[in-house]
Amino acid sequence: MMNCFLIGIFCTCIFVASSVAISSSSSSHFKNLKGLLRRNVRSPVNERIDCIYMVSRDGDYWYQSDGAQTGVCGLYLIGDPDQLVEIEFNYFDISCTDDGSLNFLDGWELGGQLFPSSDDHALNIDMRYQTFCGVNKPKKLLISSQNVAMIQYRIPETGQGFTLNARFLTNPKPCNVIARMPSGKYSIKNWGRRINCSFSIIYPENVRVQSMAVGASKYAGVLSQLQQENIHSQCEKRGKSDYAEFKTGDGLDPSLMGYNFQMCGVTNAPSRSLEIPLNCGNSVVRLVSSGKFYNYIDFQFNMLQPEDTTKDNFCTL
């Protein structure tokens with residue numbers, strides 16, 4: 001079975017291995033990514049990879065074509081939130097004929113949607129997406145802008161393939177993140193920059209805000225900020241340039257999600273009134289920053305149980 005999608009100017013079809021089948025529905029896309037995440041906890045390093053595979057630890061990974069794959073395969077790489085992905089090829093032999101190629105994506109793609117979205121990434125798609133083929137291995141290191149990257153490859157010639165070394169580097173100022181676990185705590189900061197940052201969890205989630213200062217004066221002291229306790233909703237409609245968004249949908253791209261709740265202001269008092277249920281297949285906390293303020297939001301996230309979720313029309317927008 002093959003799924004076809006568009007990345008930039010490229011039309012791509014993913015061949016789906018029967019053991020990790022990915023159907024055409026968005027919910028099935030996420031179901032199988034979750035399965036890969038769970039399986040990857042025990043994944044060995046220095047291993048031959050399958051057509052659809054996920055890695056999260058340093059090591060050498062290799063693939064050799066048996067000539068049976070007729071579509072495009074995908075290697076998903078994911079590190080901790082404060083890490084970047086670095087890839088170096090040690091061996092490379094992929095014929096440019098018969099549409100053979102290997103592509104590096106700075107981010108993830110699933111079902112035709114990208115993370116980070118074009119709104120949240122500093123590079124345009126032509127710079128994020130690089131194509132290689134031939135017998136000469138890519139000379140430069142490939143480094144992602146966040147904790148996820150992806151390798152797509154189509155190798156029709158039997159015996160051809162590649163070996164790569166994956167390393168996960170420290171990122172001192174993380175911005176866009178895909179979570180490896182369905183529950184935990186996290187803090188998004190803009191570090192005073194004009195930047196949009198998204199924290200994505202590929203599960204329906206209940207998000208509880210613990211503290212936040214979004215759109216507060218950067219000259220105010222920490223104590224005075226925490227004493228303000230002034231939270232607003234619908235911030236963009238109020239003319240606010242800085243706000244936190246809580247989004248949910250059945251795709252990776254936050255800009256295409258149908259549900260969007262906004263908050264801005266300052267609070268340091270966790271309460272049930274600051275709990276936001278996000279019912280669709282993917283949940284996102286997004287911090288929009290103009291660069292005028294030092295923004296942050298601390299939150300907990302816990303996976304909703306099936307009985308607590310409802311499928312709304314906005315999930316599939």
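About the thresholds
Residues numbered from 1 in each chain as written. Predicted model: local features only at pLDDT ≥ 70, side-chain atom pairs only at ≥ 80, totals over all residues. Heavy atoms only, no water. Disulfide = S-S within 2.5 Å. Helix = DSSP H or I, 4+ residues; strand = E, 2+ residues; numbered from the N terminus. Buried < 20%, exposed > 50% of the residue type's maximum accessible area, 1.4 Å probe, protein only. Polar contact = N/O pair within 3.5 Å; in protein donor to acceptor, adjacent residues only side chain to side chain. Contact = heavy atoms within 4.5 Å. Salt bridge = Lys/Arg side-chain N within 4 Å of Asp/Glu carboxyl O. Pairing = 2+ DSSP bridges.

Remarks on the state of the cysteines
Summed over the entire model, instances satisfying the criterion amount to 5 disulfides. Through a disulfide, Cys51 is tied to Cys73; the S-S separation comes to 2.1 Å. Classification of the bridge connecting Cys51 and Cys73 rests on its S-S torsion, roughly -95 degrees, and on that basis the disulfide is left-handed. On the criterion of sequence distance, the pair formed by Cys51 in the loop between β3 (47-48) and β4 (52-55) and Cys73 in strand β6 (residues 73-78) is long-range, its members being 22 residues apart. Using a relative accessible area of 4% as the deciding quantity, one classes Cys51 as buried. Residue Cys73 is classed as buried on the basis of its relative accessible area, which comes to 2%. Cys96 shares a disulfide with Cys133; S-S distance 2.1 Å.

Observations regarding the side chain of Gln113
Relative to the elements of secondary structure, Gln113 occurs in strand β10 (residues 113-115). By relative accessible area, which is 17% here, Gln113 ends up buried. Within polar-contact distance, the side chain of Gln113 engages the backbone nitrogen of Asp253 at 2.9 Å. Every residue in contact with Gln113, bar those within four places of it in the chain, is listed here: Trp108, Gly251, Leu252, Asp253 and Leu256.

Some words on the pattern of salt bridges
Tallied over the entire structure, the rule returns 6 salt bridges. When the shortest N-O distance is used, the salt bridge between Arg286 and Asp120 registers 2.8 Å. Placement of the pair is Arg286 in strand β23 (residues 282-288) and Asp120 in the loop between β10 and α2 (125-128), with a sequence separation of 166 residues. In this structure, Arg286 and Asp120 share a single accessibility class: buried.

Some remarks on the pairing of β6
With 6 of its 6 residues buried, β6 lies for the most part within the structure. Covered by surrounding structure in β6 are Cys73, Leu75 and Leu77 together with Gly74, Tyr76 and Ile78, the residues of both alternating faces. Sheet analysis places β6 next to strand β13 (residues 148-154), joined by 6 bridges and oriented antiparallel. Residue pairing across strands places Leu77 opposite Ala149, the latter belonging to β13.

Quick notes on the side chain of Asp250
Residue placement: Asp250 occurs in the loop between β20 (243-249) and β21 (259-267). By relative accessible area, which is 9% here, Asp250 ends up buried. Here the side chain of Asp250 touches Gly281 through a polar contact of 2.7 Å, landing on its backbone nitrogen.

Some points on the pairing of strand β14 (residues 161-170)
Note: strand β5 (residues 59-64) against β14, 6 bridges, orientation antiparallel. Its bridge partner lying in β14, Gln64 is registered against Gly161. Relative to β14, strand β7 (residues 83-93) runs antiparallel, the two sharing 10 bridges. Bridging across to β14, Tyr91 finds its partner in Thr163.

Concerning unusual backbone geometry
Cis geometry marks the peptide bond from Phe115 to Pro116; its omega dihedral reads -5 degrees. Considering the arrangement of structural elements, one finds Pro116 in the loop between β10 and α2. In this model, Asp98 sits at a positive phi of 55 degrees, which is unusual for a non-glycine residue. Positionally, Asp98 belongs in the loop between β7 and β8 (101-105). Of note, the phi angle at Gln234 is positive, near 50 degrees, even though the residue is not glycine. When you line up the elements, Gln234 lands in the loop between β19 (230-233) and β20.

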